[in-house]
Amino acid sequence: MRTPVFAVLLAIFCNVLWGCAFPFIKMGYRLFEIDPSNTASIFCFAGVRFMLGSLLVLLGSTLLQSRMPTFPKGKVFAECCVLGLWQTTTQYAFYYIAVAMLTGAFGGILNSTQSFLGVIFAHFIYGNADRMTPAKTLGCASRTLRAFSFGTLGNHGGGSGWGVFCMLFATVVFTLSGPWNKSVTKKADSFAVCFLNLFVGGAALFVLGTALGGRLGSVTPLGILVLLYLAFICGAGYLLWALLMKNNPVSRIAIFGFVNPVVNVLLSAVLNGEPLFRWQYLAALVFVCVGIWLVNKAPTKKEEQ
């Protein structure tokens, strides 16, 4: 996990998985006949996904470690549960609302701000261990310009102001969760932390949605397959990301979030018929490449373990 090339490849893989999520969630809404305005049913859908994802984490632990994860006790167990309520329940309550209100392209643009927010926050949280260099500053600035050219100039039916707020808030929650997740996984088994994160957070979403009168509509084989794939995305993605955060400087892997919106836009075009060949997309990719090069051209100082 600490080998730079391997860490980069896994970071890209995680973001490919998460880039698939936005268009597949939209497809799930259609297949389960969930109205975009029905927040309660949206929470139920999200809750089922994350609880299924948590079971896949247990399966992964059994296959990779030949045993069930060792669960923490006492204060560490409570901290894992609170992390789940923050990172999974809070983040995805807002994220799923935003998905219902935004196009895949515009939502992906807003969500991609997590890449440079992670680099910026790491500077203040870890200090000299992961400090903001001039190159990183220019890289983050190019990402901001990319979001401007891709999102503001090319906002193709982006959606409501409330949807924009929800996506940006979810992005901030995700970014702030990274250092906390990193800290918790140093105290407990990474598989156990990931399971509790997803299960507790997903159960809270499902209970909240059910209490508000939500339900899943039509259940079809294709809908179940989409739900299982979304569960795999969150289970595999969260576990790998937690291991990467545990063993690498945040800025080394956070910047590769650029892959997320690229995959998002491509799949949104294929699955949901959204526009693809726009000059804003090409401009965005140029800024992405410049940002990646600037942030990673100098070796990152290793954090104290």
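Located above this text is the structure these notes cover.
All values derive from a computational prediction rather than experimental measurement. (Residues numbered from 1 in each chain as written. Predicted model: local features only at pLDDT ≥ 70, side-chain atom pairs only at ≥ 80, totals over all residues. Heavy atoms only, no water.)

Teacher, can you tell me more about the packing of aromatic side chains here?
The relative placement of two aromatic rings is captured by the distance of their centres and the angle of their planes. For the structure on display, the rule yields 17 aromatic pairs. An angle of 65° between the planes, with centres 5.8 Å apart, marks the rings of Y29 and F45 as edge-to-face. With a gap of 16 residues between them, Y29 in helix α1 (residues 4-31) and F45 in helix α2 (residues 39-65) connect regions that are remote in the sequence. Ring pairs connect the aromatic residues F22, Y29, F32, F45, F50, Y92, Y95 and Y96, which therefore count as one cluster. (Phe/Tyr/Trp six-rings, centres within 6.5 Å; stacked < 30°, edge-to-face > 60°. Helix = DSSP H or I, 4+ residues; strand = E, 2+ residues; numbered from the N terminus.)

Sorry, what's going on with the pattern of salt bridges here?
Proximity of charged atoms lets side chains of opposite charge pair with each other. Applying the stated rule across the entire model yields two salt bridges. Close ionic contact of D189 with R67 constitutes a salt bridge, the shortest N to O distance being 3.5 Å. Of this pair, D189 sits in the loop between α7 (161-185) and α8 (190-211) while R67 sits in the loop between α2 and α3 (74-101), placing them 122 residues apart in sequence. Ionic pairing is found between E79 and K187, a salt bridge with its closest N-O pair at 3.1 Å. Of this pair, E79 sits in helix α3 while K187 is found in the loop between α7 and α8, placing the two residues 108 residues apart along the sequence. The partly exposed category is assigned to K187, whose relative accessible area is 47%. (Salt bridge = Lys/Arg side-chain N within 4 Å of Asp/Glu carboxyl O. Buried < 20%, exposed > 50% of the residue type's maximum accessible area, 1.4 Å probe, protein only.)

Please explain the nonpolar core as it appears in this structure.
General note: in soluble globular proteins, nonpolar side chains tend to be found buried as a group. Ranked by internal contacts, the top residues of the largest apolar core, which has 64 residues, are I25, Y29, F45, Y95, Y96 and W241. Elements represented by at least two residues in this core include exactly α1, α2, α3, α7, α8, α9 (221-247) and α11 (259-272). (Core = buried A, V, L, I, M, F, W, Y, C linked by side-chain atoms within 4.5 Å.)

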